[in-house]
Amino acid sequence: MDLDSVNNDLEKRISDAFCVFDHHGDKFIDVREVGTVLRLLGCVPTEQEVNEVISATEQLGETSGEVHLTKFLPHVSQLLMERKMEPATPEKIIKAFKILDPENKGYLTKEHFGKLMMEEGEPFTQEEMDEMWPVAIDPITGHIPYEFYLNQLMVYL
């Protein structure tokens, strides 16, 4: 497969994802949809990264608050070719959990993990936590057995 066909395939994927949210068929989407389009493409952007894409691609003037495909396509193509915003590997996620588990118990408490998720890094909202708990928490122990949790996440992907 040559580079041109890879670029064409990538541009088609980006264009197809973009057009899902182009409700008027005019090659514009609302800036509030940018993060959703990126996630549909398999990216895992932070809010800062979403805002950077919006800043780089947002139309100014009459169409402020919207992104046009002609600006979005080359910018996001470059990000994807540079492998930006890729999800962490399962190995990296397990390593992170093990850092949070210095006693090597194989689990985290709901209280400790919840506090970290809502106060550190890019905080989760309560709604996001409420969505996560049923998958993360072992109903018998009330803890988060992180290797099992990661396996559950992989099933959902």
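Structure: see above.
These lines cover the structure that appears in this document, whether it is placed above or below.

Reading the values: the criteria
Residues numbered from 1 in each chain as written. Predicted model: local features only at pLDDT ≥ 70, side-chain atom pairs only at ≥ 80, totals over all residues. Heavy atoms only, no water. Helix = DSSP H or I, 4+ residues; strand = E, 2+ residues; numbered from the N terminus. Rg over C-alpha atoms; globule rule 2.2 N^0.38 Å. Buried < 20%, exposed > 50% of the residue type's maximum accessible area, 1.4 Å probe, protein only. Contact = heavy atoms within 4.5 Å. Areas by Shrake-Rupley, 256 points an atom, 1.4 Å probe, with all protein chains shown as cover. Lys, Arg positive; Asp, Glu negative; His and termini not counted. Charge placed at Lys NZ, Arg CZ, Asp CG, Glu CD.

**Let's talk about the overall build of the protein**
Here is step 1: If you tally the helices and strands in the protein, you get eight helices and four strands.
Here is step 2: In the protein, the succession of helices and strands from N to C terminus is α-β-α-α-β-α-α-β-α-α-β-α.
Here is step 3: Taking 157 residues into account, the globule formula puts the C-alpha radius of gyration at 15 Å, and the protein, at 19 Å, lies well above it.
Here is step 4: A principal-axis box enclosing the C-alpha atoms of the protein has dimensions of 55 × 40 × 20 Å.
Here is step 5: Looking at the protein as a whole, 32% of its 157 residues qualify as buried.
Here is step 6: The contacts of the protein with a sequence gap of at least 6 include a subset with a gap of at least 24, amounting to 51%.
Here is step 7: Surface exposure of the protein reaches about 10,400 Å², of which carbon and sulfur atoms provide 55%.
Here is step 8: Across the protein, 14 positive and 30 negative side-chain charges occur, with their mean positions spaced 4 Å apart.

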